[in-house]
Amino acid sequence: MAKDFVVTPWKVEGDIDYNRLIKEFGTEHLDDALLHRIKKLTGELHPFLRRKIFFSHRDMNWLLDEYEKGNKFYLYTGRGPSGNTHIGHLVPWLFTKWLQDKFDVLLYFQMTDDEKFLFKDNLSLTQTNSLAYENALDVIALGFKQGKTHIFTNTDYSKTLYKNALLVAKKITVSTTKAVFGFNDSNNVGELFFTSMQAVPAFLPSVLKGKNIPCLIPHAIDQDAHFRVARDVLPKLGFYKPAAIHCRFLPALGIGGKMSASEKDSAIYTTDSADEIEKKVKKYAFSGGRATIEEHRKLGGNPDIDVPYQWLSFFEEDDSKLKKIHDDYKSGKLLSGELKLILIEKLQVFLKEHQRKRESARKVLDKFILKD
Ligand code: TRP
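Worth saying up front: this structure is predicted, and the values here are computed from it rather than measured.

Cut-off values and rules
Residues numbered from 1 in each chain as written. Predicted model: local features only at pLDDT ≥ 70, side-chain atom pairs only at ≥ 80, totals over all residues. Heavy atoms only, no water. Helix = DSSP H or I, 4+ residues; strand = E, 2+ residues; numbered from the N terminus. Rg over C-alpha atoms; globule rule 2.2 N^0.38 Å. Buried < 20%, exposed > 50% of the residue type's maximum accessible area, 1.4 Å probe, protein only. Contact = heavy atoms within 4.5 Å. Areas by Shrake-Rupley, 256 points an atom, 1.4 Å probe, with all protein chains shown as cover. Domains from an automatic or database assignment. Buried area = accessible area lost by both parts, 1.4 Å probe. Salt bridge = Lys/Arg side-chain N within 4 Å of Asp/Glu carboxyl O. Polar contact = N/O pair within 3.5 Å; in protein donor to acceptor, adjacent residues only side chain to side chain. Near = heavy atom within 4 Å.

1. Some remarks on the overall build of the chain
Part 1 of the argument: Helix and strand content of the chain: 17 helices and nine strands.
Part 2 of the argument: For 372 residues, the compact-globule estimate of 2.2 N^0.38 gives 21 Å, and the C-alpha radius of gyration of the chain, at 21 Å, lies within 12% of that figure.
Part 3 of the argument: In terms of overall dimensions, the chain has a C-alpha envelope of 65 × 45 × 45 Å along the principal axes.
Part 4 of the argument: Within the chain, the fraction of its 372 residues that count as buried is 53%.
Part 5 of the argument: Contacts spanning at least 24 positions in sequence make up 77% of the contacts within the chain whose residues lie at least 6 apart.
Part 6 of the argument: When the accessible area of the chain is evaluated, it comes to approximately 16900 Å², of which 52% is carbon and sulfur surface.

See below:
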């Protein structure tokens, strides 16, 4: 991969060329024919599909063929609990929730407390485990169906997971993990093993039900390496390859890369107060506006590089509202400060409601959690 950007499960940096990722990873474009096919089944397209925020996939046509034959799929996604949830994390989850509603299917949600312990120097297993349950509140707050949504941390569901991870691990050589993930001799041995754990939920329901069930994994494109390995191994164990649908990253508030939970000012957390939201957007959001008001009125702003506009393109669901903001900004009618206020208001309203639901999620957390 050229040096201008990096996308691996553990590092996302630079100005990402998503078309190049499709080529390098060997995935497929989410093209209009497929969008049309999805729309026929769901009645409408989620804005993330209309706007190509979900832009790539593996085996979606196979998955829908099976679905149309009456062979229903389940959903699988997850989170590496290395910190509090920020709004970038919500992007694949919001879409997963939409899929659950539209197709009325089960969801398995993996919290990789083991992964974040193994890969981060500064986190204990106790910390990653408790972060996992805090993060689970954000998942539940999005409205996933109780009884159809199973959330588990790898360490607290290890009895079931480990047995199945062993099946996968036996089929992965050290040289494969090195080639796929770029590991070398100074990686710890837990890191080399870990992908086996992330593969398990891609076939676990098939084991539990004693028959093969198709799996769809909605996820951000950085996780693809894990599922390339899983897709290679699972047929050798007698299971289907999982299908996947991939999203882009919500850009960081400052310029470049994805939002990182470890760079506090680059992110808006789901627990941020209205004041914090306002302060961060005003102070840190990278603007595509001009240096002076006169210049801006005359030449207009650049929505393509403007982070508040980019964020609205993720979170403003109304196409015509978004278009007006785009056109007004470009023509110079809408100023950077005004655009920031539109975003601030949107985030404040959304997060206030999210925080209320997040607190009531504590009462039902048990109903969502798998442990053994
Ligand atoms: N490894 C992922 C992360 O660090 C967490 C994860 C586990 C995941 N299983 C998944 C993400 C399935 C997407 C889909 O965030």
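So much for the structure itself; the text now carries on.
2. So, the domain arrangement of the chain
Part 1 of the argument: Each domain of the chain was delimited in the assignment, giving domain 1 (17-249) and domain 2 (264-359).
Part 2 of the argument: Using only C-alpha atoms to locate each centre, domain 1 and domain 2 end up separated by 30 Å.
Part 3 of the argument: Counting from both sides, the interface comprises 18 residues of domain 1 and, opposite them, 20 residues of domain 2.
Part 4 of the argument: Taken together, both faces of the contact between domain 1 and domain 2 bury some 1700 Å²; the carbon and sulfur share is 62%.
Part 5 of the argument: If you sort the residues of domain 1 by the area they bury against domain 2, Arg51, Ile87 and Ala141 come out on top, with a joint share of 37%.
Part 6 of the argument: Our count for the domain 1 to domain 2 interface comes out at four salt bridges.
Part 7 of the argument: Arginine 358 serves as the salt-bridge partner of aspartate 138, at 3.0 Å between the closest nitrogen and oxygen.
Part 8 of the argument: Across the domain 1-domain 2 interface, the total number found is 12 residue pairs in polar contact (both at pLDDT 80 or more).

3. Quick word on the site of the ligand
Part 1 of the argument: Near the ligand you find 14 residues, and of these Tyr76, Gln110, Glu115, Gln198 and Gln223 are the closest.
Part 2 of the argument: With respect to the ligand, the side chain of tyrosine 76 contributes an N or O atom lying 2.9 Å from a nitrogen atom.
Part 3 of the argument: Between the ligand and glutamine 223, the relevant distance is 3.0 Å, taken from a nitrogen atom to a side-chain nitrogen or oxygen of the residue.
Part 4 of the argument: Within the complex, the protein chains bury 91% of what would otherwise be the 360 Å² of accessible surface of the ligand.
Part 5 of the argument: Ranked by the residues each element gives to the shell around the ligand, the list is headed by strand β5 (residues 74-79), at four residues.

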